[in-house]
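Here is what each chain is made of, one letter per residue.
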Amino acid sequence: MRIKINKSLILNDIKRYKKFNSDAEFARFLEIKPQTLASWHSRNTFDIELLYAKCEDLNPEWLLTGKGKMLKEVMSITQKGKGNVNNGHNIQGNKNRIEQTNDELLEIIKKKDEQIAEKDEQIKTLLELLKTK
């Protein structure tokens, strides 16, 4: 069973969250042509890597599946070390979080690729069965 993800709705949610008044503003923020954004809406697609790069606070799972919370969970200041944001480890910590997020994204993509490959095999089998009848 294939679940259809409404990517146009995801785009609209991001636009609303970022408080853009128009698609043209949103397109400028993404550094794409307004026609490209319109095409994404009409084709129910988008450049996930571009969106994730421009909107780092988005939950990658939500961006891929449309499920779950739109935004990443944010640790409170007390969880980060009682406000010692500029303790010299912040840059390395950010790099580590980015690497971890990238690893998580790659794992989600890998699972989705496996699901797609499985569905492709099922379709191939069904097509072969149809040809024999």
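Check the entry above for the structure.
Rules used throughout
Residues numbered from 1 in each chain as written. Predicted model: local features only at pLDDT ≥ 70, side-chain atom pairs only at ≥ 80, totals over all residues. Heavy atoms only, no water. Helix = DSSP H or I, 4+ residues; strand = E, 2+ residues; numbered from the N terminus. Buried < 20%, exposed > 50% of the residue type's maximum accessible area, 1.4 Å probe, protein only. Contact = heavy atoms within 4.5 Å. Phe/Tyr/Trp six-rings, centres within 6.5 Å; stacked < 30°, edge-to-face > 60°. Lys NZ or Arg CZ within 6 Å of the ring centre and 35° of its normal. Axes fitted to C-alpha atoms, helices over the stretch in contact; angles between N-to-C directions. Parallel < 35°, antiparallel > 145°, perpendicular 65-115°, else oblique. Nonpolar A, V, L, I, M, F, W, Y, C, P; charged D, E, K, R; others polar. Polar contact = N/O pair within 3.5 Å; in protein donor to acceptor, adjacent residues only side chain to side chain.

K.L.:
Can you help me understand the overall build of the chain in this one?
P.N.:
Helix and strand content of the chain: seven helices and zero strands. For the chain, the α and β elements follow one another from N to C terminus as α-α-α-α-α-α-α. Scored against the burial criterion, the 133 residues of the chain give a buried share of 23%. Intrachain contacts of the chain at a sequence separation of at least 6 include 51% that bridge at least 24 residues.

K.L.:
I'm lost on the packing of aromatic side chains in this one. Help?
P.N.:
By convention here, two paired aromatic rings are described through the distance between centres and the angle between planes. Applying the stated rule across the entire model yields two aromatic pairs. For the pair Phe 20 and Phe 29, a centre-to-centre distance of 5.2 Å together with 40 degrees between the ring planes defines the contact as tilted. Exposure remark for Phe 20: the relative accessible area of 17% places this residue in the buried category. Site record: aromatic cluster; members linked through ring pairs are Phe 20, Phe 26 and Phe 29. Above the plane of the ring of Phe 46 lies Lys 7, whose end atom (NZ or CZ) is 5.4 Å from the centre.

K.L.:
Would you explain the packing of helix H2 (residues 23-30) against helix H3 (residues 34-43) in this entry?
P.N.:
Between two packed helices, what matters for the description is the angle formed by their axes and the separation of those axes. Where H2 meets H3, the axes come as close as 8 Å, and the angle between the chain directions of the two elements is 105 degrees. Taken as axis vectors, H2 and H3 run roughly perpendicular relative to one another. When H2 is examined against H3, the residues Asp 23, Phe 26, Ala 27 and Leu 30 are found in contact with a partner set consisting of Pro 34, Leu 37, Trp 40 and His 41. Its residues placed into classes, the contact of H2 with H3 shows six nonpolar, one polar and one charged.

K.L.:
How should the side chain of Asn 59 be read in this particular structure?
P.N.:
Residue placement: Asn 59 occurs in the loop between helix H4 (48-54) and helix H5 (60-65). Look at Asn 59 and you get buried, because its relative accessible area is 18%. Among the polar contacts listed, one links the side chain of Asn 59 to the backbone nitrogen of Glu 61, at a separation of 3.0 Å. Apart from the residues within four sequence positions on either side, Asn 59 is in contact with Lys 69, Met 70, Leu 71 and Lys 72.

K.L.:
Explanation requested: the side chain of Lys 15 in the structure shown.
P.N.:
Structurally, the position occupied by Lys 15 is in helix H1 (residues 7-17). Among the residues examined, Lys 15 registers a relative accessible area of 18% and is labelled buried. The contact partners of Lys 15, leaving out residues within four places of it in the chain, are Phe 20, Ser 22, Asp 23 and Phe 26.

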